[in-house]
Structure formats: C-alpha cells, structure tokens
Amino acid sequence: MGAFVISKRYNEEYKFVFTSRKGKVVFTSLSYELKFECEEAIEQFKIKSDTADFLKFKSTSGKFYFKLMLEGSHFATSRKYTTSLRLQKGIDEIVRYASVSETLDFTSNDLIFLED
C-alpha cells in the first residue's frame, strides 16, 4: 500500500507526495501555505480519488508524466517515467491504494502517523 508523506519545501510551504508500495514518489502536490490545508487536501483526495482524471504528457526529453486533476483543477504532477507502461502502473497504484493509504508527517523531527 502507498502512503501520503507531508513535508516542507525550501520556501517553507507544505507539500505532500504519494509514494508507491516500494517507496517511490508517484506524484507531488501543489504547495500549501498552512499544514492543515495540506492535510485537508489529502483527505479530500482520499474521498474523491475515484473521480480523478489523469492527463498524460510526454516531455521534450521523451519522458512520460501526468497531471492529476481533481474536480477540473490541477491537483498534483507525477514524477517522470521512462515508458508509458510505467506511467500507467503509477496511475494504477493511485487508483488501487490512494483511498486507503496512511498519511505520514515529516515536517518535524518526530515521525507522526495521522489517524483517519
């Protein structure tokens, strides 16, 4: 099962990533000014993940990625994949596990598991 991992960007804003069962980053969220906004976005995504859309792209360097759209708005961007098959496996991981994944908070020195 994957996990949502909350952390801070260099500009002190919050973000989260969704990691696969193997610990690889699948996508990275947009930035949030406050941590609770980040936590709320994760919970909303868990509830509405079955309605998400995945817009697939190919970069100029030939790598594949997707933009995750939720309710018509850009929600997150995937990492770059070397093949379209790996891209699809990343999407499948989200569809299969996002709604039941745990949330980890890496914004302090202590690891905190957030309860659902």
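Relevant structure appears above.
What counts, and where the lines are drawn
For every chain, the first residue of its written sequence is number 1, and the numbers climb from 1 along that sequence. Confidence filtering applies because this is a predicted model: local features only for residues at pLDDT of at least 70, side-chain atom pairs given and counted only at 80 or more, and all residues used for totals across whole chains, interfaces and linings. Hydrogen atoms and water are omitted, and side-chain values are computed over all heavy atoms in the structure. Each salt bridge in this description consists of a side-chain nitrogen of Lys or Arg and a carboxyl oxygen of Asp or Glu lying within 4 Å of one another. Three labels apply to residues, based on accessible area from a 1.4 Å probe with only protein chains included: buried if under 20% of the type maximum, exposed if over 50%, partly exposed otherwise in between. In this description a helix means any DSSP run of H or I spanning at least four residues, a strand means any run of E spanning at least two, and both kinds are numbered starting from the N terminus. N or O atoms closer than or at 3.5 Å make up a polar contact, with two conditions inside protein: a donor-capable atom paired with an acceptor-capable one, and, for residues adjacent in sequence, both atoms drawn from side chains. Two joining distances apply to patches: 9 Å for like charges and 5 Å for nonpolar side chains (Val, Leu, Ile, Met, Phe, Trp, Tyr), and every residue must have over 30% relative accessible area and no salt bridge. In this description, accessible areas are obtained by the Shrake-Rupley approach with a 1.4 Å probe, and a residue is regarded as covered only by the protein chains that are shown. His is not counted, nor are the chain ends, whereas Lys and Arg count as positive and Asp and Glu as negative. Charge coordinates come from a single atom per side chain, which is NZ of Lys, CZ of Arg, CG of Asp or CD of Glu. Contact definition: two residues touch when any of their heavy atoms are within 4.5 Å.

Where charged atoms from two side chains of opposite charge come close, those side chains can pair. Inspection of every chain in the model, using the stated rule, returns five salt bridges. Between Lys8 and Glu12 there is a salt bridge, with its nearest N and O atoms 3.1 Å apart. For Lys8, a relative accessible area of 37% corresponds to the partly exposed category. Given the relative accessible area of 48%, Glu12 is considered partly exposed. Between Glu93 and Arg21 there is a salt bridge, with its nearest N and O atoms 3.4 Å apart. With Glu93 in helix 2 (residues 84–97) and Arg21 in the loop between strand 2 (14–19) and strand 3 (25–29), this pair connects stretches of sequence that are 72 residues apart.

When you line up the elements, Asp105 lands in strand 7 (residues 102–105). A relative accessible area of 2% places Asp105 in the buried class. In this structure the side chain of Asp105 is engaged in a polar contact, spanning 2.8 Å, whose partner is the side chain of Lys35.

Taken together, the side chains of Lys22, Lys24, Arg79, Arg86 and Lys89 make up a positively charged region of the molecular surface. Tracing the backbone shows Lys24 in the loop between strand 2 and strand 3.

What follows concerns the environment of Ser31. Mapped onto the elements of the fold, Ser31 is located in the loop between strand 3 and helix 1 (35–48). A relative accessible area of 34% places Ser31 in the partly exposed class. Along the backbone, Ser31 and Lys15 are 16 residues apart, and their C-alpha atoms lie at a distance of 5.1 Å. If near-sequence neighbours (up to four positions away) are discounted, Ser31 is found in contact with Arg9, Glu13 and Tyr14.

Now for the environment of Phe16. For Phe16, the position within the fold is in strand 2. Taking C-alpha positions, Phe16 is 5.2 Å from Val5, a pair spaced 11 residues apart along the chain. Apart from residues no more than four positions distant in its own chain, Phe16 is found in contact with Phe4, Val5, Ile6, Phe27, Thr28, Ser29, Tyr32, Cys38, Ala41, Ile42 and Phe75.

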